[in-house]
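Listed here are the chains, written in short residue letters.
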Amino acid sequence: TKWVYRFGDGAAEGGAADVALLGGKGANLAEMASLGLPVPPGMTITTEACLFFFSKGKALPDDLQAQVLSALVDMEKITGRTFGQGPHPLLLSVRSGARASMPGMMDTVLNLGLNDQTVQALGHDSGDARFAWDSYRRFIQMYGDVVMGLDHEVFEEVLEDEKARLGHDYDTELSAVEWQHVVSLYKQVIEEELGEAFPQDCHLQLWNTIKAVFSSWTNTRAVTYRTLHKIPHDWGTAVNVQAMVFGNLGSTSATGVAFTRNPSTGENSLYGEFLVNAQGEDVVAGIRTPQSLTEEGRLASGSEKPSMEKLMPEAFAEFRDICNRLEAHYGDMQDVEFTVERGKLWMLQTRSGKRTTRAAMKIAVDLVDEGVITREQAICRIDPPSLDQLLHPTIDPRVERVVLGSGLPASPGAASGEIVFTAEDAVDAEAEGRKVVLVRIETSPEDIHGMHAAEAILTTRGGMTSHAAVVARGMGIPCVVGAGGLRVDLRNELLIGPGFTLKKGEMITVDGSSGQLLKGDVPMIQPALSGDFGRLMAWADETRRMTVRTNADTPQDARAARSYGAEGIGLCRTEHMFFEGGRIHVMREMILAEDEAGRRAALDKLLPMQRSDFTELFTIMSGLPVTIRLLDPPLHEFLPKSAEEIIEVAAAMDMEPALLSRRVEALHEFNPMLGHRGCRLAISYPEIAEMQARAIFEAAAAAASETGAPVELEIMVPLVGLRSELDYVKACIDKVAADVSRETGLDIGYLAGTMIELPRAALRAHVIAETAEFFSFGTNDLTQTTFGISRDDAASFIPTYQRKGIIEQDPFISLDFDGVGELIGLAAERGRKTRPDLKLGICGEHGGDPASIRFCEQMGLDYVSCSPFRVPIARLAAAQAAI
Ligand code: ADP
Ligand code: MG
Ligand code: MG
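Residues numbered from 1 in each chain as written. Chains lettered and ligands numbered in written order. Predicted model: local features only at pLDDT ≥ 70, side-chain atom pairs only at ≥ 80, totals over all residues.

> Can you break down the overall build of the protein residue by residue, with the values?
Scanning the protein from terminus to terminus reveals 35 helices and 34 strands. The dimensions of the protein, computed from C-alpha atoms along their principal axes, are 105 × 60 × 55 Å. Going through the 883 residues of the protein one by one, you find that 51% of them count as buried. (Helix = DSSP H or I, 4+ residues; strand = E, 2+ residues; numbered from the N terminus. Buried ≥ 20, exposed ≤ 12 C-beta atoms within 10 Å, placed from the backbone.)

Spelled out as structure tokens, the structure:
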């Protein structure tokens, strides 16, 4: 097997395409070498060797040694130096480098090949004994840490003591003799602590270091990082063995790092730092304050220390030139490492640089303008969920955070406000113009108006798909849920946490992006949707095939969604309208009525309210499709629950509390999710569906005559499992349509369709499509009913499932392609067989999830619908899915 790939002297055996085999660092070192850039020669030992190493109980392949030695001979030829002996000793850097960048997570050893003999040779050869002994002590320190497992602080203590004894403040002040003494102290510490000597055999040093770097793939730091960033654990790391170049050879030497553009703003100007007379790790370690690369950077930072541009004009000019070449070659902003050895520039690393979303946007758009990349490439450069950073206010990164507690980051953005504990208090505060954070143990549909009124929501119970989380995301309100370390004392109106108690009215800040709860009113940065955002989104819109609609229940939602580019409403949940203001009373009247006549009387009062809501929605969405879903939740959700509430409501309704209590009990269900809801309500109480249909049609007529543009009306029947259910409800809708059109003299066009949210409906899609004119996949319920997992209870065991590797993703967050997805594919195919022009969309939470959107594109759906704040994310994700 070929385990070793060489690079250097204008040529390389691998290249940028070999990232999987050579790791990012190795692949790009090879690429830079092939481009003829000044790269110290070296070799990359493949990730396959690493996988071999782990599969054989940490043994290196037999044929590896010969390949490494042969590549080493090449390096000796190119550099004119010899590994392990004088008079011109070759020193090596041994660097980790995985497929995905894992900055600082794995190990690197520099200056390998020094021992008590070669250090003397290096001193003579360079004419700088101080440099030689400084390099030797660095090597012992890194080798002692990485290979021998001695904490680097042990060495730092020795050095600090020695500096104190000598009266030095900085490492740079130590002389050759003094460093030589530090070396002997280091060797002594190793013997004392480990009972073995620092190895003098350079080849042994090399093999041990290669093994240690491979092993660093599974150190705790690296494993945690991979888990957090979803990097597979079975990729392994490559090892790069490279000739050392020295930035610590006096005042004409230096080392530094740079971004080819500003990673925070995206501005097209070289941005970086360097240190004179230093080795690479000094820049990161923060031992000395680095200097700016450019004069511009120096002026901006107000530093007195000269820039590299000023100090080393020739090396700088070459460096700037190389940065430009690298950008043009890779078509992206690069993050590079370099070293100047006695005036000669060497490139040590390049990779695509990490950047803020704002910078990513600007860089992508600028690169298109510069003719470096295509619009499609620019679209693919932005991670859709990162757009959230641009749409919500965020906490000013410069302020210090006083963290009171934390929970799950359920809905992004940050907001501050006074603590309130009830929805009523939130509404009252809003009316008085005060900003509040609604703090609850958990929320329920009755809290909706309070949630609307609040700036942010905090709950101490519940998961990412709890009521509070779903509703807050829908509204675009920052939300943290399940802050288990905190306790809500409702009776005394207190929020209690470890070491603090907050009263109603005290200021707190909720950071829904990090899940933190902060003390006080924290300064924010407001979102600014720059021109770059607009241009990139316009390209995305030209590119995608699916349309993007929004889930909107209120005119506020609808307006916000349109401003984010929604092309219609994919789901309007009418029940949310019944919680507003005084409507809940009328709704309760209807539910509690003894007979149909009583219900109709209450429904007559609800009719004008619904009509005016719909008229407003249709006017906002003029000319665009709007899908209205008939009443879905079980009726008891609208009724009071606790004994106190029952007494209160009974009084307001002029009713016996006992009677009310009995009605509430009668409507109680053991499993409401699978109970008397959806189309089952319309079948039991057709007068409710009739009222809703009338409100919808009359509103459509009114809006059409007002705006001159008809709405594309779609009426959706929820929770259908049988075609006969849909037939029954559709007949009722059709009859009302005929009535309204006779009364108004207007012909109102509409489609009647259903949500596919029960497995039976998916399986019988070809039959249901004989009646249904569109399907909307309600993937929240479809996931619940396919898995048989109630989403309100999922939080109690899904995290355990994930930890134990039973499932990878929470199916309520990322669509289960294998199971739920198969049902969707099957329903789409069967439905279209019956009715080729059947409209297909998705309206669950998944409609805003990029991976699920890609799946919808593959299934050939016509649109996705998501909450207003996710509309830009969905537009971008749909474009990427279409490329
Ligand atoms: P990381 O991935 O953590 O940045 P690197 O392998 O890039 O680790 O190396 C760590 C430091 O050592 C960097 O600052 C780098 O510039 C420096 N370095 C690596 N190889 C060499 C070399 N051949 N000559 C001089 N310095 C080097
Ligand atoms: Mg590096
Ligand atoms: Mg549903």
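> Tell me about the domain arrangement of the protein, residues and numbers included.
Here the protein is described as being made up of domain 1 (4-243), domain 2 (254-355), domain 3 (393-525) and domain 4 (544-580 + 609-632 + 680-882). Taking only C-alpha atoms into account, the centre of domain 1 sits 23 Å from that of domain 2. Listed by partner, the interface residues are 14 residues for domain 1 and 11 residues for domain 2. Here the element with the most residues in the side of domain 1 that touches domain 2 is helix α1 (residues 19-34); it accounts for 4 residues. Here the side of domain 1 that touches domain 2 is built from residues that sort into 7 nonpolar, 4 polar and 3 charged. (Domains from an automatic or database assignment. Contact = placed C-beta atoms within 7 Å. Nonpolar A, V, L, I, M, F, W, Y, C, P; charged D, E, K, R; others polar.)

> Describe in detail the sheet that holds strand β11 (residues 291-292), supporting the description with residues and values.
Spatial strand order, β11-β10-β9-β12-β13: 5 strands in an open sheet with antiparallel pairing. Taken across any chain shown, the strands that pair with only one partner, and hence form the sheet edges, are β11 and β13 (344-352). As judged from the 2 bridges shared by strand β10 (residues 271-276) and β11, these two strands associate in the antiparallel manner. Paired with glutamate 273 across the two strands is serine 292, which belongs to β11. Of the strands in this sheet, β9 (254-259), β12 (334-341) and β13 touch helix α13 (residues 313-330), which is tilted by about 150° from β12. (Pairing = 2+ DSSP bridges. Axes fitted to C-alpha atoms, helices over the stretch in contact; angles between N-to-C directions.)

> Describe the packing of helix α14 (residues 357-369) against helix α20 (residues 531-543), listing the residues and the values that go with them.
Direction vectors running N to C along α14 and α20 enclose 65°, while the axes themselves pass 9 Å from each other. Relative to α20, α14 is oriented so that their crossing is left-handed. In contact with Met361, Lys362, Ala364 and Val365 of α14, α20 contributes Asp532, Phe533, Arg535 and Leu536. In the contact of α14 with α20, the residues fall into 5 nonpolar, no polar and 3 charged. (Left-handed = near helix turned anticlockwise from the far one by under 90°.)

> Break down the UniProt feature "binding site: substrate" (unreviewed entry) in the protein for me, citing the residues and quoting the values.
Annotation from UniProt places "binding site: substrate" (unreviewed entry) at Arg573, Arg629, Glu757, Gly778, Thr779, Asn780 and Asp781. Among the structural elements, arginine 629 can be located in strand β29 (residues 625-629). Dropping the residues within four chain positions of it, arginine 629 is found in contact with Leu571, Cys572, Arg573, Thr574, Met716 and Pro718. Summarising the element assignment, threonine 779 is placed in helix α31 (residues 779-787). Setting aside chain neighbours within four positions, we find threonine 779 in contact with Leu815, Val820, Ile842, Gly844 and His846. (UniProt positions renumbered as here; feature names shortened; annotations may be inferred.)

> Go over the site of ligand 1 with me, naming the residues and quoting the values.
Taken together, 16 residues are adjacent to ligand 1, and Ser93, Arg95, Thr108, Gly280 and Glu337 come closest. If you list the elements that add at least two residues to the shell around ligand 1, you get β6 (92-98), β7 (108-112), β12 and β13. Here the shell around ligand 1 is composed, by residue class, of 6 nonpolar, 7 polar and 3 charged. (Near = placed C-beta within 6 Å.)

> Kindly report on α20, identifying the contributing residues and their values.
Look at α20: 19 Å from first C-alpha to last across 13 residues, which is about the 18 Å you get at 1.5 Å a residue. All buried positions along α20 are accounted for by Asp532, Phe533, Leu536, Met537 and Ala540. Down the axis of α20, the buried side of the element spans an arc of 120°, and every buried residue falls inside it. Relative to its buried face, α20 has exposed residues pointing more than 90 degrees away, namely Gly531, Gly534 and Glu542. (Expected span 1.5 Å × (residues − 1). Arc of directions from axis to C-beta.)

> Before we move on, could you go through the sheet that holds strand β23 (residues 500-503) and cite the residues and values that matter?
Taken in spatial order, the 3 strands of this open sheet run β21-β22-β23, and their pairing is antiparallel. Of all the strands in the sheet, the pair left with one neighbour each is β21 (487-489) and β23. Taking the axes of each pair of neighbouring strands and ignoring which way they run, one obtains an average angle of 20° across the sheet. Across 3 bridges, β21 lies against strand β22 (residues 494-497) in antiparallel orientation. Across the sheet, valine 488 pairs through a bridge with leucine 495, a residue of β22.

> So what's going on with the pairing of strand β8 (residues 237-243)? Residues and values would help.
Judged by how many residues are buried, β8 sits mostly within the fold: 7 of 7 residues are covered. Judged by which residues are buried, β8 turns out to be covered on both faces: Thr237, Val239, Val241 and Ala243 on one side and Ala238, Asn240 and Gln242 on the other are all buried. As paired elements, strand β3 (residues 42-45) and β8 share 4 bridges and run antiparallel to each other. Opposite threonine 44, over in β8, you have asparagine 240 as the bridge partner.

> Could you give me a rundown of the pairing of strand β25 (residues 516-519), with the residues and numbers involved?
Strand direction decides the pairing type here: strand β15 (residues 403-406) and β25, joined by 3 bridges, are antiparallel. Bridge pairing links glycine 405 to leucine 517 in β25. Relative to β25, strand β24 (residues 507-511) runs antiparallel, the two sharing 4 bridges. Along β25, the bridge assignment pairs valine 510 with leucine 517. The antiparallel hairpin formed by β24 and β25 contains 4 residues in its connecting segment, where glycine 515 sits at a positive phi of about 85°.

> Explain the environment of leucine 51 residue by residue, including any values.
With respect to the helices and strands, leucine 51 occurs in helix α2 (residues 47-55). Once the C-alpha coordinates of leucine 51 and tryptophan 235 are considered, the two residues, 184 residues apart in sequence, prove to be 7.6 Å apart.

> Give a description of helix α8 (residues 202-215) that names residues and reports values.
Spanning 14 residues, α8 covers 20 Å between terminal C-alpha atoms, matching the ideal 20 Å at 1.5 Å per step. Every buried residue of α8 is accounted for by Cys202, Gln205, Leu206, Thr209, Ile210, Ala212, Val213 and Phe214.

> Lay out unusual backbone geometry with the relevant residues and their values.
Cis geometry marks the peptide bond from glycine 86 to proline 87, where omega comes out at 0°. Locating proline 87 in the fold gives a position in the loop between β4 (82-83) and β5 (89-90). Positive phi, normally seen in glycine, also occurs at aspartate 654, with a value near 60°. Within the element layout of this structure, aspartate 654 appears in the loop between α24 (643-652) and α25 (657-667). Under the C-beta neighbour-count criterion, aspartate 654 is labelled exposed, with 6 such atoms within 10 Å.

> Before we move on, could you go through the confidence of the model for the protein and cite the residues and values that matter?
For the protein, the average pLDDT comes to 92, and 99% of its residues sit at 70 or higher. Prediction confidence for the complex, expressed as pTM and ipTM, is 0.81 and 0.93 respectively. (pLDDT = per-residue confidence, 0-100.)

> I'd like a rundown of the environment of arginine 535, residues and numbers included.
Turning to its location among the elements, arginine 535 is positioned in helix α20. Placed 173 residues apart in sequence, arginine 535 and lysine 362 show a C-alpha to C-alpha distance of 10.0 Å.

> Tell me about the environment of aspartate 383, residues and numbers included.
Within the secondary structure, aspartate 383 sits in the loop between α15 (375-380) and α16 (388-391). Of the residues examined, aspartate 383 has 15 C-beta atoms within 10 Å and is grouped as partly exposed. Sequence separation of aspartate 383 and phenylalanine 614 is 231 residues, and the distance between their C-alpha atoms is 35 Å.

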